[in-house]
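Examining the three-dimensional arrangement
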Amino acid sequence: MAKIIDGNRIAQQIHQEIEEQVRALRTQGVQPCLAVILVGEDPASLVYVGRKQKACEQFGIASRTLRYGADFSEHELLQLIGELNSDSSVHGILVQLPLPHSLSSSRVIQAIAPEKDVDGFHPVNRGKLAAGEECYAPCTPAGIQEMLIREKIDIAGKHVVIVGRSGIVGMPLAVMLAQKKPGANATVTLCHTGTRDLSYHTRQAEILIVASGRAGTITGEMVQEGCVVIDVGVNRIVDSTHPKGYRLVGDVDFAAVEKKAAAISPVPGGVGPMTIAMLMKNTLQAARKQSAGVS
Ligand code: GUN
């Protein structure tokens, strides 16, 4: 049976470290602050934004949650971002995705000042990440890397197979883990919808990271004995026995894969809490840099 990688426990460790650093910064008169913008009523986004707000409270970070209806115009949103860019009491700006179809997420993200882009989605931060330069790394890939490091799972020299090439998870993670840096230096295979014979590749994985966005993507037959599996997926499955009428599952068939893997992260309680911890870490870093006048 696999070891369960407890994201809540690791995030709690990070919480304690960051909370202490936030306290130290506050004694110097700097209150880190994150602005979170939500446009529309997407139910999953409402949950995620609520979690970010709660995490800010727990970490001692001030938050401003700015909520608008789906009819909020791009012009108004760009204006709001401009105001937050020049507000020195706000250190991080996050626009929750997906945005309503009437808004261009790429134009909106590009309007955020790169030094306040704690999500790491701005092209300047993406470019720096690819170049191996210091930048705000996107929170989910950073959380996965941190999780592996803190679990003492060696990444260097390993064959890491990533399933899913999204701009938020798979693609930046492939870039990060392939770099010649501590906690990286892996041989990376990036699988996607154009991959022929997915299971051929997943069976080669020493570390398998699944971010396909589809429940049941990885079955027991698709992994080798002793591999480490990180499940990034969050899928709602109808379940009338559950009080909410649904339950959350990842992209991996947990029950089958757990029997073969050396270690596996669960859903919920795996990558999710790590993502939020990395957002808090980026916000602290932004506050530190901006208050010191370096960006
Ligand atoms: N939607 C899903 N994941 C994310 C994330 O990490 N950041 C933002 N801003 N929106 C998301």
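Here the structure is shown first, and the text comes after it.
Note that this is a predicted model, so its numbers are computed, not measured. (Residues numbered from 1 in each chain as written. Predicted model: local features only at pLDDT ≥ 70, side-chain atom pairs only at ≥ 80, totals over all residues. Heavy atoms only, no water.)

**Points about the site of the ligand**
Residues in contact with the ligand, as listed here, are Lys52, Leu94, Val95, Gln96, Leu97, Asp119 and Phe121. Within the backbone of Leu97, a nitrogen or oxygen atom sits 2.9 Å from a nitrogen atom of the ligand. For the ligand, a nitrogen atom lies 2.6 Å from a polar atom in the side chain of Asp119. Within the complex, the protein chains bury 80% of what would otherwise be the 280 Å² of accessible surface of the ligand. (Near = heavy atom within 4 Å. Polar contact = N/O pair within 3.5 Å; in protein donor to acceptor, adjacent residues only side chain to side chain. Areas by Shrake-Rupley, 256 points an atom, 1.4 Å probe, with all protein chains shown as cover.)

**Observations regarding the pattern of salt bridges**
Using the criterion set out here, one finds ten salt bridges in the structure. With a shortest N-O distance of 2.8 Å, Lys3 and Glu151 are connected by a salt bridge. With Lys3 in strand β1 (residues 3–4) and Glu151 in the loop between α6 (139–150) and β5 (159–163), the pair connects residues that are 148 residues apart, well separated along the chain. With relative accessibility at 11%, the residue Glu151 sits in the buried group. Note that Lys289 and Glu134 form a salt bridge whose closest N and O atoms lie 2.7 Å from each other. Of this pair, Lys289 sits in helix α10 (residues 271–291) while Glu134 sits in the loop between α5 (123–131) and α6, placing them 155 residues apart in sequence. Lys289 gets classed as buried once you look at its relative accessible area, which sits at 18%. Salt bridges here are not isolated pairs; linked through shared partners, they connect Glu17, Glu146, Arg150 and Lys281. (Salt bridge = Lys/Arg side-chain N within 4 Å of Asp/Glu carboxyl O. Helix = DSSP H or I, 4+ residues; strand = E, 2+ residues; numbered from the N terminus. Buried < 20%, exposed > 50% of the residue type's maximum accessible area, 1.4 Å probe, protein only.)

**Examining the packing of helix α2 (residues 43–59) against α10**
Orientation of α2 relative to α10, taken along the N-to-C sense of each, is 55 degrees, at an axis distance of 10 Å. Taken together, the axes of α2 and α10 are oblique relative to one another. Between α2 and α10 lies a crossing of right-handed hand. Residue-level contacts link Arg51, Lys52, Ala55, Cys56 and Phe59 of α2 to Ile276, Ala277, Leu279 and Met280 of α10. The class makeup of the residues in the contact of α2 with α10 is seven nonpolar, no polar and two charged. (Axes fitted to C-alpha atoms, helices over the stretch in contact; angles between N-to-C directions. Parallel < 35°, antiparallel > 145°, perpendicular 65-115°, else oblique. Left-handed = near helix turned anticlockwise from the far one by under 90°. Contact = heavy atoms within 4.5 Å. Nonpolar A, V, L, I, M, F, W, Y, C, P; charged D, E, K, R; others polar.)

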